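Residue-level listing of the chains:
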Amino acid sequence: MEKGADHVNPRQGGAMGLVSQPMNPESYTTMAQVRAGVDEIDRQIVALLADRFAHMRAAARIKPERAHVRDEERKALVIANARAEAEKLGAPGDAIAMLWDQLVEASIAYEMEEFDRLKG
Ligand SMILES: O=C(O)C(=O)C[C@]1(C(=O)O)C=C[C@@H](O)C=C1
């Protein structure tokens, strides 16, 4: 593999290696390390989001009524849980709650499309 600042392993803060270690952004000294860390985190987030959307396909399959796709009470609980978890971890609760509002809205739109595809 080509070596250089664009190919740092964010889990090691330097050269590529085989053993996975926790990321430690406090130890970073270059933007290449920051960006490699961000790229790796984004890859993991997208994988988790793909799993979350798969759960929406399951919900669409299981819910008997189109009107059940949007559940405001559950939406509020999901957002409150995300905010509480973020704050427990020292992350900004307002920002996470805003992202989760958009995530659940996107999930509802996706679940609605899937419901119509299956039962429309
Ligand atoms: O819990 C549900 O009923 C879902 O369909 C999941 C979900 C979510 O994104 O978490 C999506 C739509 C509902 O409004 C509530 C929550």
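The chain carries the name chorismate mutase in an unreviewed UniProt entry, which gives Sphingobium cloacae as its organism.

### Looking at a nonpolar patch on the surface
On the surface, Met31, Val34 and Val38 cluster together into a nonpolar patch covering about 230 Å² of accessible area. As for its position among the elements, Val34 is in helix 1 (residues 31-62).

### Let's talk about the domain arrangement of the chain
Under the domain assignment used here, the chain contains domain 1 (1-62) and domain 2 (68-120). Taken together, the nine residues of domain 1 in the interface contact 11 residues of domain 2. Considering only the surface of domain 1 that becomes buried against domain 2, Arg52, Phe53 and Ala60 emerge as the three largest contributors, covering 57% of it. Connecting domain 1 to domain 2 are four residue pairs in polar contact (both at pLDDT 80 or more). Here the side of domain 1 that touches domain 2 is composed, by residue class, of six nonpolar, no polar and three charged.

### Quick notes on the UniProt feature "binding site: substrate" (unreviewed entry) in the chain
As annotated in UniProt, the feature "binding site: substrate" (unreviewed entry) corresponds to Arg35, Arg52, Lys63 and Glu111 in the numbering used here. A stretch of 77 residues holds the annotated residues, and the largest C-alpha distance among them is 41.0 Å, long enough that they do not meet in one place. Residue position: Arg35 is located in helix 1. Overall, Arg35 belongs to the exposed group, its relative accessible area being 56%. As for its position among the elements, Arg52 is in helix 1. Arg52 sits in the partly exposed class, given a relative accessible area of 23%.

### Structural notes on helix 2 (residues 72-88)
With 17 residues, helix 2 extends 24 Å between its outermost C-alpha atoms, agreeing within 8% with the 24 Å of an ideal straight helix rising 1.5 Å per residue. Among the residues making up helix 2, those that are buried are Lys75, Val78, Ile79, Ala82 and Ala86. Down the axis of helix 2, the buried side of the element spans an arc of 95 degrees, and every buried residue falls inside it. Exposed residues lying more than 90 degrees from the buried face of helix 2 are Glu73 and Lys88. Structurally, helix 2 contributes buried residues whose contacts are with helix 1 and helix 3 (93-119). Looking at the residues trailing helix 2, positive phi occurs at Gly90, about 80 degrees.

Basis of the calculations
- Residues numbered from 1 in each chain as written.
- Predicted model: local features only at pLDDT ≥ 70, side-chain atom pairs only at ≥ 80, totals over all residues.
- Heavy atoms only, no water.
- Patch = residues over 30% accessible without salt bridge, like charges linked within 9 Å, V, L, I, M, F, W, Y side chains within 5 Å.
- Areas by Shrake-Rupley, 256 points an atom, 1.4 Å probe, with all protein chains shown as cover.
- Salt bridge = Lys/Arg side-chain N within 4 Å of Asp/Glu carboxyl O.
- Helix = DSSP H or I, 4+ residues; strand = E, 2+ residues; numbered from the N terminus.
- Domains from an automatic or database assignment.
- Contact = heavy atoms within 4.5 Å.
- Buried area = accessible area lost by both parts, 1.4 Å probe.
- Polar contact = N/O pair within 3.5 Å; in protein donor to acceptor, adjacent residues only side chain to side chain.
- Nonpolar A, V, L, I, M, F, W, Y, C, P; charged D, E, K, R; others polar.
- UniProt positions renumbered as here; feature names shortened; annotations may be inferred.
- Buried < 20%, exposed > 50% of the residue type's maximum accessible area, 1.4 Å probe, protein only.
- Expected span 1.5 Å × (residues − 1).
- Arc of directions from axis to C-beta.

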